[in-house]
Amino acid sequence: MPDRAALRAKVEAITTVLTIPAVVGRITAMISTGTVSAAEIAEEIGKDQVLAARVLRLVNSAFYGFRQPITTISHAMVLLGLDVVKTLVMTASVLDIVDAMNQHMAGLWEHSLGTARAANALAERLALDDPEECALGGLLHDMGKVVIAQTFPAEHARIRRMVAERGCLQIDAEVEVLGVTHADVGMWLLKKWSLPPKIVYPIAYHSNFHPRRDFADRTAIVHLADILCRAKGIGYPGDDRIPKLNAEAWGLLRLSMSDVEEVCAQLDREVADGLIG
Amino acid sequence: MPRIPLSEARPGQRLSRPAATRAGVIMVQAGTELTPALIERLRFLGIDTVSVHGEVGGAGRPIEEVLAAIDARFAGHEGDPWMMALKEIVVRQAREQGQAGGHA
């Protein structure tokens, strides 16, 4: 089995190997000074048209659908907040996540979108402050699967074979082949980009919930949203199974089964409307 | 329902979802029948996948098949009351959709 530190170094190197647009460095510097306005940052992102287009594609797919297309970064910044847009910019700058998901695992993009929509619906139901940040967690919770496919192709092929042969969860095959999970890999990248824990934790721990960890409510939401999408058969997360619900995560959210039923019905409507997929 | 690469789209197929650009702007509404000229225009706009009506995926699948897939997904959770309650919801919604005209 590969060494964990070596794996991590290779994942972190993605950021430096692929060309990170200079704009990302400038934005990071601008944000760290703390004196710039959202409009100035939006203007800076807008200078890189390819990057801006990728970000807007994610924004329009995952957060507002086709109902209310967002056509400028500054509009996205107002609606979603700086941390969500910054995360999307960092992610979009290293990989075109929609193309990468479609290429490596047909259906993973639809699963990610569905999980984003479910997380958003759950967060709104619980009246959390930042449903968009929960939706972001849903959207990117499986980003590590694409990173594994791209960075460790031989191991990815072994993982896929194992899932096909045993009918197990992809995450169990990841542990057996790599010794780490897609959640670890996603966390490494997000931490390398210095994103705040409120963004990183729900993605890092969506399949390994602990009630005393910070941002447990958001993590529980992404965990449940993933399960609901799998139960509804929306997209394809890499296997045909459903992981067991974490009882502590469920207890923390204080939802009822009728809440679950309504969120599932909302997912059906969004699939029918073409918002997911 | 199946989402297919535009290169595999054939004239005569009908869009099951709107065809949109990467920025999410709808170019062609759901229900539109694909023609050779329309496929060419979508390609020109950089749209690389479309959703069409067909037998793969949820829509149009016989309800028995949908229910069998749900059974398979929930296999191993029979002793878990919460998971069984979720399964009941999913089965009920699948049946309702089957009656509403086959759209999953």
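On a predicted model such as this, the values are computed, not experimentally measured, just so you know.

1. Some details on the overall build of chain B
The secondary structure content of chain B amounts to three helices and four strands. For chain B, the N- to C-terminal ordering of α and β elements is β-β-β-α-β-α-α. By sequence separation, contacts in chain B at least 24 residues apart represent 59% of the contacts at least 6 residues apart.

2. Concerning the nonpolar core
V55(A), V59(A), A119(A) and L228(A) are the most contacted members of the largest nonpolar core, which totals 96 residues. Non-local contacts of V55(A), meaning those with residues more than four positions away in its chain, are made with I45(A), I73(A), A76(A), V85(A), L88(A), V89(A) and A92(A). Counting residues in hydrophobic clusters, the runner-up holds eight residues, among them L15(B), A19(B), A20(B) and V50(B).

3. Focus on the domain arrangement of chain B
A common way to report how large an interface is uses the accessible area buried once the components associate. Entries for chain B in the domain assignment read domain 1 (3–51) and domain 2 (63–99). One C-alpha centre belongs to domain 1 of chain B, the other to domain 2 of chain B, and the line joining them spans 32 Å.

4. Observations regarding the domain arrangement of chain A
Residues and elements named next belong to chain A. By the assigned domains, chain A splits into domain 1 (19–94) and domain 2 (97–277). Taken over C-alpha atoms, the centre of domain 1 sits 22 Å from the centre of domain 2. Tallying the contact residues gives 14 residues for domain 1 and 17 residues for domain 2. Taken together, the elements giving at least two residues each to the side of domain 1 that touches domain 2 come down to α5 (49–64) and α7 (82–94). Looking at the side of domain 1 that touches domain 2 residue by residue, the classes come out as seven nonpolar, five polar and two charged.

5. Focus: helix α3 (residues 22–33) of chain A
Taking 1.5 Å of rise per residue, the twelve residues of α3(A) would be expected to cover 16 Å, and the 17 Å separating its terminal C-alpha atoms lies within 8% of that figure. A positive backbone phi angle near 75° is found at G34(A), which sits one or two residues after α3(A).

6. Re the interface of chain B and chain A
Listed by partner, the interface residues are 28 residues for chain B and 28 residues for chain A. Going through the elements one at a time, β4 (49–51), α2 (63–73) and α3 (81–99) of chain B are the ones with two or more residues in the side of chain B that touches chain A. The dominant element in the side of chain B that touches chain A, judged by the number of residues it contributes, is α3(B), at eight residues. Counted by class, the side of chain B that touches chain A contains 15 nonpolar, eight polar and five charged residues.

7. Here's the deal with unusual backbone geometry
Although it is not a glycine, F215(A) sits at a positive phi angle of roughly 60°. With respect to the helices and strands, F215(A) occurs in the loop between α15 (197–204) and α16 (216–232).

8. Overview of helix α9 (residues 108–125) of chain A
All names here are of chain A. With 18 residues, α9 ought to run about 26 Å at 1.5 Å a step, and its terminal C-alpha atoms sit 25 Å apart, in line with that. Counting buried positions over the 18 residues of α9 gives 16, a clear majority of the element. Count one or two residues on from α9 and you reach A127, which has phi positive near 55°.

9. Observations regarding the confidence of the model for chain A
Where the model shows low pLDDT, its predicted coordinates should not be examined in detail. Counting all residues, the mean pLDDT for chain A is 89, and 96% of those residues have values of 70 or more. Per-element confidence in chain A ranges from a low mean pLDDT of 59 for helix α2 (residues 14–17) of chain A to a high of 98 for α16(A).

10. Considerations on the confidence of the model for chain B
All names here are of chain B. Summary statistics for chain B give a mean pLDDT of 82 and a share of 88% for residues scoring 70 or more. When the elements of chain B are averaged for pLDDT, strand β1 (residues 3–5) gives the smallest value, 79, and α3 the largest, 93. The complex prediction reports pTM at 0.82, with the ipTM value standing at 0.89.

11. A word on the packing of helix α12 (residues 153–166) of chain A against helix α13 (residues 170–178) of chain A
All names here are of chain A. Between α12 and α13, the shortest axis-to-axis distance is 9 Å and the interhelical angle comes to 130°. Comparing the axis directions of α12 and α13 gives the class oblique. Note on packing geometry: the crossing formed by α12 with α13 is right-handed. Residues E155, R158, I159, M162 and V163 of α12 touch α13, and the partners they reach there are Q170, A173, E174, E176, V177 and L178. The residue makeup of the contact of α12 with α13, split by class, is six nonpolar, one polar and four charged.

Cut-offs and rules
- Residues numbered from 1 in each chain as written.
- Chains lettered and ligands numbered in written order.
- Predicted model: local features only at pLDDT ≥ 70, side-chain atom pairs only at ≥ 80, totals over all residues.
- Helix = DSSP H or I, 4+ residues; strand = E, 2+ residues; numbered from the N terminus.
- Contact = placed C-beta atoms within 7 Å.
- Core = buried A, V, L, I, M, F, W, Y, C linked by C-beta atoms within 7 Å.
- Buried ≥ 20, exposed ≤ 12 C-beta atoms within 10 Å, placed from the backbone.
- Domains from an automatic or database assignment.
- Nonpolar A, V, L, I, M, F, W, Y, C, P; charged D, E, K, R; others polar.
- Expected span 1.5 Å × (residues − 1).
- pLDDT = per-residue confidence, 0-100.
- Axes fitted to C-alpha atoms, helices over the stretch in contact; angles between N-to-C directions.
- Parallel < 35°, antiparallel > 145°, perpendicular 65-115°, else oblique.
- Left-handed = near helix turned anticlockwise from the far one by under 90°.

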